[in-house]
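If you want the building blocks of each chain, they are given just below.
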Amino acid sequence: QRLNGTFLFMLTSVFGGLRNWGIPFSVAIGLHAALAVPVALATVFAFYVVRDDDHRAILLILGTFLITPYVLTYDTGMVSAAAALLMIKGGSGDPSKDRRRIIATLGAILPMCLIGFGLLGLPVAPLILGALYAIAFRRSGAAASLLAILARTPPVRPSPAAVSD
């Protein structure tokens, strides 16, 4: 609970970002968990509905970095691989008009710029990781599958009185 100093600047998680802003440990870990649990559930769901192995790998890598509270800058090399794979898995073909490619590029260079942003009090890693995950979840087809499941209405069951008439 007494994490401070350079170590905090090296944490790339929501928890680390909140601790960098001076948020108390218990609040920061609680808010981190509020994000980590839905990401974990979404990642497990995606593994059931996404058939493309590349998309599954991207979601697993990015999900891992969003779920883990103590991930450090030197762990984020895998984010570069996921971001690069995400860039080649589609888009408009015009990087100047494709926000997803810009965000993926930020993810690819993320390990190189995290400590500098952290020292400035700008923990950008959770924002970039979250945006990358959202793009990957949508592009993989998992978001469309989830929305289709949520849009289904339960079958209407006749009331016992209507059946007896």
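Let me begin by describing the structure that accompanies this report. (Residues numbered from 1 in each chain as written. Predicted model: local features only at pLDDT ≥ 70, side-chain atom pairs only at ≥ 80, totals over all residues. Heavy atoms only, no water.)

Next up on the list: the overall build of the protein. Within the protein, the regular secondary structure consists of 9 helices and 0 strands. Its helices and strands taken in sequence order, the protein reads α-α-α-α-α-α-α-α-α from the N to the C terminus. Residue burial in the protein is summarised as follows: out of 165 residues, 36% are buried. With the model as given, the accessible surface of the protein reaches about 9,400 Å², and the carbon-plus-sulfur share is 68%. (Helix = DSSP H or I, 4+ residues; strand = E, 2+ residues; numbered from the N terminus. Buried < 20%, exposed > 50% of the residue type's maximum accessible area, 1.4 Å probe, protein only. Areas by Shrake-Rupley, 256 points an atom, 1.4 Å probe, with all protein chains shown as cover.)

Along the polypeptide, Ser13 turns up in the loop between helix H1 (6-10) and helix H2 (14-20). Not counting residues within four places of it along the chain, the set of residues in contact with Ser13 comprises His32, Thr68, Pro69, Val71 and Pro126. (Contact = heavy atoms within 4.5 Å.)

We now examine the packing of aromatic side chains. For the coordinates displayed, the defined rule picks out 3 aromatic pairs. Both rings, one in Phe15 and one in Phe25, keep their centres 5.4 Å apart while their planes meet at 85°; by these two values the pair is edge-to-face. Separated by 10 residues along the polypeptide, Phe15 in helix H2 and Phe25 in helix H3 (residues 25-49) bring together distant segments of the chain. Overall, Phe15 belongs to the buried group, its relative accessible area being 0%. Taken together, a centroid distance of 5.3 Å and an interplanar angle of 65° make the contact between Phe15 and Tyr70 edge-to-face. In this pair, Phe15 is assigned in helix H2 and Tyr70 in the loop between helix H4 (53-67) and helix H5 (77-88), connecting sequence segments 55 residues apart. Here a set of aromatic residues connected by ring pairs shows up, and it is made of Phe15, Phe25 and Tyr70. (Phe/Tyr/Trp six-rings, centres within 6.5 Å; stacked < 30°, edge-to-face > 60°.)

Turning our eyes to something else, we now look at the nonpolar core. Core analysis: the biggest nonpolar cluster contains 26 residues, and Leu62, Leu132, Tyr133 and Phe137 have the highest contact counts within it. Put simply, the parts of the chain that give this core at least two residues each are H3, H4, H5, helix H7 (125-139) and helix H8 (142-151). In this view, Tyr133 contacts Val39, Ala42, Thr43, Leu59, Leu62, Gly63 and Leu66; residues no more than four positions away in its chain are not counted. Counting residues in hydrophobic clusters, the runner-up holds 7 residues, among them Leu8, Leu11, Leu18 and Leu72. (Core = buried A, V, L, I, M, F, W, Y, C linked by side-chain atoms within 4.5 Å.)

We now examine the environment of Ile135. Residue placement: Ile135 occurs in helix H7. In this structure, the C-alpha to C-alpha distance between Ile135 and Leu59, residues 76 residues apart in sequence, is 9.7 Å.

What follows covers H5. Here H5 contains 12 residues, and its C-alpha end-to-end distance of 18 Å stays within 8% of the 16 Å for a straight helix at 1.5 Å per residue. Taken together, the buried positions of H5 are Val79, Ser80, Ala82, Ala83, Leu86 and Met87. Axial view of H5: buried residues confined to an arc of 165°, hence all on one face. (Expected span 1.5 Å × (residues − 1). Arc of directions from axis to C-beta.)

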